[in-house]
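Observations on the model geometry
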Amino acid sequence: MSLFPKAGGLHRTFNDLVRVFNRNKTSWAGLILLLVMVVLAVLAPWIAPYDPIDQNILQRLSPSSTEHLLGTDQFGRDILSRILWGARISLSVGTISVLLGMAVGTVLGIFAGYKGKFWDYLIMGVMDVFMAIPTLLMGLMVVAVLGPNLVNLTIAIALTVAPRFARIARAPTISIKNRDFVEAGRAMGFSDMRIMAAHIFPNILGELVVMGSLWVATAVRIEASLSFIGLGVKPPTPTWGGMIREGFQNILSEPWISIYPGIFILITVLAFNLLGDGLRDAIDPKLRNS
Amino acid sequence: MDEKLLVVDKLTTSFQLQNGWYPAIEDLSFSLNRNETLALVGESGCGKSVTAYSIMNLLPKPGSRIDRGRVLFNGKDLVGLSSGEMRSLRGSKLAMIFQEPMTSLNPALSIGKQIAEVLYYHNGTSKKEALKGALELLEQVKIPAAANRLNDYPHHLSGGMRQRVMIAMALAGRPEIMLADEPTTALDVTIQAQVLALLDDLKKEMKMSMIFITHDMGVVARVADRVAVMYGGYLAEVAPVEELFANPTHPYTEALLQSMPRLDRDIDNLKPIPGLVPSIDRMPKGCRFAERCRHKIPRCEQLMPELLPVNSDGTHTVRCWVRASQNISSGDAKV
């Protein structure tokens, strides 16, 4: 998680961040929940009680017990182990896809906003077309063309995220490019590329990170949805969305198979949203100086 | 001493309004000698900043253009240079500082980084070396406890400090010419005096030449070696600074001096100049100042006068039908 890169825009606000977080206790809750999730995911190979794809037909569909804390699914696989391993995929797909979409979208957005005219029309036109395609349809298309696997799932989510970030990056770029310090940068002989990368980007980084943390929550949900309709990672690899889908066959008699991974999705999305709200308050200049 | 570092020759820059292109400066010719400070003086809208932006090739595009003329820097014409060639001159050989120190620094970068950036961008030094250089520059512009300031962000600094940082950035490329666009206008008077003294010291120390844009005759008296008074996009009068204050010849220069408060004169004697600079799409045909001039004769409104010398060695030139001829004798007497 690169939520706190040392670049200027955030570095500056780090102290404010701690202060605003202190005032807004729920953002600490978000951060802590998230860290717990990350630690669980990282430690999965060591703390998971069973192999997540190891089937045990004798103990299939068993409810919570001391042997299987969160019970087993229809193949007798330990649900807790699958959730822990699934966290690695859900969190990394969510994070990587947002970072990827953020990188592409930000570059395009800053470029469109800075250059204006033709490039603005062209880039933002294409972005609008992408935005018009619903996320699930986008996932369907990408997976249909490239085949269902982890990488393509990440690409599909990144493609839906990128246009959002292009918009988020473009608007402040247009106002920043007319500020005096950009003019001063030109007077120092800096090239357009340098002005975009070293002068405009740090000024919008704060906003991007806030939106990024909120979008990771969405990406985790999208991953779950795509896995749920079978467009995600192929079984038996555990993902949270895939686990919910598999549990659906027995939803009436053995609901825990779907409910437990659902709770983890809920907690993760909640954590990212709480964190994002805290970051937004920290970066909002009106709140920062109060 | 008399070597001409920068020659501006018949420079004309136009801006686009709704109904066409209008010149903001026209046939502007002047030169800047090595180690000299030339003050460009005039009220708002007379073309001072446009001149500086034209020299730096920083005019907002589209919407403005250089129609004709040359800007010779060390004998090389800057007007036709490619953007890459011009970029390598800006920030190294030609530096510029601006009026608003509060907004001219990037709020998201520490001042050390901002100065260092100019160093490694133009000189190709390593980032570590550049930071060391930034510290030296901060010391050179006399920022107290410079080492502790390197990691400060612009919002930690006062206006005067920020202007010092801007100056440090401008110095980073060891410029031959520094263009200062009203660098002290936004500062309060005590700070203004400090910054002016600093600029003067640095100019001598680094053997720079300076074009100093201002509307404040008090500042002119302090910093300038030579003064070019601009009005309506034309040069009205050019003279060495002592000569100009002793013997202001153009009615506009005279009016500017009379509108300036001075300790040795009663404030009731302040004379504001009636009216405003005409906007660029409504420039009169003859002398641009005619409509506000107390001395005008009919010819003033029909024909633009030439910039003619009024003293024997030709260092004092004036563009005025009424004064140019009259003053030749008194100008002679001065020399």
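**Topic: the overall build of chain B**
A tally of helices and strands in chain B yields 12 helices and 12 strands. Relative to the 2.2 N^0.38 estimate, which gives 20 Å for 335 residues, the radius of gyration of chain B is 21 Å and therefore close to what a compact globule would have. Referenced to the eigenvectors of the C-alpha coordinate spread, the extents of chain B come out at roughly 65 × 45 × 40 Å. Per-residue burial for chain B yields a buried fraction of 48% across its 335 residues.

**Observations concerning the overall build of chain A**
In terms of regular secondary structure, chain A is built from 11 helices and 0 strands. Beginning at the N terminus, the succession of helices and strands in chain A can be written as α-α-α-α-α-α-α-α-α-α-α. Along the first, second and third principal axes, the C-alpha set of chain A runs to 75 × 45 × 30 Å. Counting the 290 residues in chain A, one finds 48% classified as buried. Contacts in chain A between residues far apart in sequence, at least 24 positions, make up 72% of those at least 6 positions apart.

**A few points about the pairing of strand β7 (residues 177-181) of chain B**
Residues and elements named next belong to chain B. β7 sits mainly inside the fold: 5 of its 5 residues count as buried. Burial of the side chains of β7 extends over both faces: Ile177, Leu179 and Asp181 are buried on one face and Met178 and Ala180 on the other. In this structure, strand β6 (residues 94-97) lies alongside β7, joined through 4 bridges in parallel fashion. Counted as the bridge partner of Ala95 is Met178 from β7. Taken together, the 5 bridges between β7 and strand β8 (residues 209-214) define a ladder with parallel strand orientation.

**A look at the sheet that holds strand β2 (residues 20-33) of chain B**
Residues and elements named next belong to chain B. Strand order in the open sheet made by the 4 strands is β2-β1-β4-β5, with antiparallel pairing throughout. Two strands close off the open sheet at either side, each with one partner strand: β2 and β5 (76-77). By the bridge criterion, 8 bridges tie strand β1 (residues 4-17) to strand β4 (residues 64-73) in an arrangement that is antiparallel. Residue pairing for β4: Thr12 is matched across the bridge by Arg68.

**Structural notes on the confidence of the model for chain A**
Residue and element names in this part refer to chain A. Summarising the model, chain A shows a mean pLDDT of 82, and 91% of its residues fall at 70 or more. Note that residues 1-10 has pLDDT below 50 and, in this model, 22 contacts with residues that lie over four places away or in other chains. Note that residues 286-290 has pLDDT below 50 and, in this model, 5 contacts with residues that lie over four places away or in other chains.

**Re helix α6 (residues 150-176) of chain A**
Residue and element names in this part refer to chain A. For α6, built from 27 residues, the straight-helix expectation of 39 Å at 1.5 Å per residue is met to within 8% by its first-to-last C-alpha distance of 38 Å. Roughly 25° is the biggest bend found in α6, and it falls at Val161, with proline Pro163 one to four residues downstream. With 19 of its 27 residues buried, α6 lies for the most part within the structure.

**Observations concerning the nonpolar core**
Residues Ala39, Ile115, Ala168, Leu179, Ile211, Ala228 and Met230 of chain B are the most contacted members of the largest nonpolar core, which totals 168 residues. Ranked by residues supplied to this core, first place goes to helix α8 (residues 192-228) of chain A with 19 residues. Other than its neighbours up to four places away in sequence, Ile115 of chain B contacts Ala134, Leu137, Ala168, Met169 and Ala172 of chain B.

**As for the sheet that holds strand β12 (residues 317-318) of chain B**
The strand order β6-β7-β8-β3-β9-β10-β12-β11 (chain B) describes an open sheet built from 8 strands, whose pairing is mixed. What marks the edges here is a single partner per strand, and that holds for β6 and β11 (308-309) of chain B.

**Remarks on the interface of chain A and chain B**
Interfaces are often sized by the amount of accessible area the parts lose when they come together. Each partner contributes to the interface: chain A provides 18 residues, whereas chain B provides 25 residues. Listed by contribution, the elements that provide at least two residues to the side of chain A that touches chain B are α1 (8-23), α7 (180-187) and α8 of chain A. Of the residues contributing to the side of chain A that touches chain B, the split by class is 7 nonpolar, 6 polar and 5 charged.

**A look at the pairing of strand β3 (residues 37-41) of chain B**
All names here are of chain B. Across the 5 residues that make up β3, a large majority, 5, are buried. In β3, alternate side chains face the same way, and those of Thr37, Ala39 and Val41 on one face and Leu38 and Leu40 on the other are all buried. Of the pairings in the sheet, the one linking β3 to β8 comprises 5 bridges and is parallel in character. Counterpart to Ala39 in the pairing with β8 is Phe212. Direction of pairing for β3 relative to strand β9 (residues 226-231): parallel, over a ladder of 4 bridges. Looking at β9, one finds that Leu40 is bridged to Ala228.

**Thoughts on the environment of Arg88 of chain A**
Residue and element names in this part refer to chain A. Relative to the elements of secondary structure, Arg88 occurs in helix α3 (residues 79-115). Using a count of 17 C-beta atoms within 10 Å as the deciding quantity, one classes Arg88 as partly exposed. When the C-alpha atoms of Arg88 and Ser227 are compared, they prove to be 14 Å apart, with 139 residues separating the residues in sequence. Those residues in contact with Arg88 that sit more than four places away from it in its chain are Ala41 and Ala44.

**Observations regarding the environment of Leu307 of chain B**
All names here are of chain B. Assignment of secondary structure puts Leu307 in the loop between α10 (251-258) and β11. Residues Leu307 and Ala324, 17 residues apart in the sequence, show an inter-C-alpha distance of 8.5 Å. Beyond its immediate stretch of four places on either side in the chain, Leu307 contacts Leu235, Thr317 and Arg319.

**Description of the packing of α3 of chain A against helix α4 (residues 117-132) of chain A**
All names here are of chain A. Between α3 and α4, whose axes approach to 7 Å, the crossing angle comes to 145°. Crossing of α3 against α4: the hand is left-handed. Two secondary-structure elements touch here, α3 through Leu108, Phe111, Ala112, Gly113 and Lys115 and α4 through Lys117, Trp119, Asp120, Ile123, Met124 and Met127. Of the residues that constitute the contact of α3 with α4, the class distribution is 7 nonpolar, 1 polar and 3 charged.

**A look at unusual backbone geometry**
Residues other than glycine predominantly adopt negative phi, and peptide bonds predominantly adopt the trans conformation. Positioned with a positive phi, Lys117 of chain A is a non-glycine residue whose angle comes to about 50°. For Lys117 of chain A, a count of 9 C-beta atoms within 10 Å gives the class exposed.

**Thoughts on helix α6 (residues 159-171) of chain B**
All names here are of chain B. If you check α6, its first and last C-alpha atoms are 18 Å apart, about what 13 residues at 1.5 Å a residue would give, namely 18 Å. Most of α6 is tucked away: 12 of the 13 residues are buried. Buried positions along α6 lie against β6, α3 (111-123), α4 (127-140), β7 and α7 (189-206).

**What about the environment of Thr218 of chain A?**
All names here are of chain A. Relative to the helices and strands, Thr218 is located in helix α8. You can call Thr218 partly exposed: it has 19 C-beta atoms within 10 Å. When the C-alpha atoms of Thr218 and Met141 are compared, they prove to be 19 Å apart, with 77 residues separating the residues in sequence.

**Some points on the confidence of the model for chain B**
Within chain B, residue pLDDT values average 83, and 96% of them lie at 70 or more. This prediction of the complex comes with two scores: 0.77 for pTM and 0.78 for ipTM.

What counts, and where the lines are drawn
- Residues numbered from 1 in each chain as written.
- Chains lettered and ligands numbered in written order.
- Predicted model: local features only at pLDDT ≥ 70, side-chain atom pairs only at ≥ 80, totals over all residues.
- Helix = DSSP H or I, 4+ residues; strand = E, 2+ residues; numbered from the N terminus.
- Rg over C-alpha atoms; globule rule 2.2 N^0.38 Å.
- Buried ≥ 20, exposed ≤ 12 C-beta atoms within 10 Å, placed from the backbone.
- Contact = placed C-beta atoms within 7 Å.
- Pairing = 2+ DSSP bridges.
- pLDDT = per-residue confidence, 0-100.
- Expected span 1.5 Å × (residues − 1).
- Bend = angle between axes of the 7 residues up to and from the residue.
- Core = buried A, V, L, I, M, F, W, Y, C linked by C-beta atoms within 7 Å.
- Nonpolar A, V, L, I, M, F, W, Y, C, P; charged D, E, K, R; others polar.
- Axes fitted to C-alpha atoms, helices over the stretch in contact; angles between N-to-C directions.
- Left-handed = near helix turned anticlockwise from the far one by under 90°.

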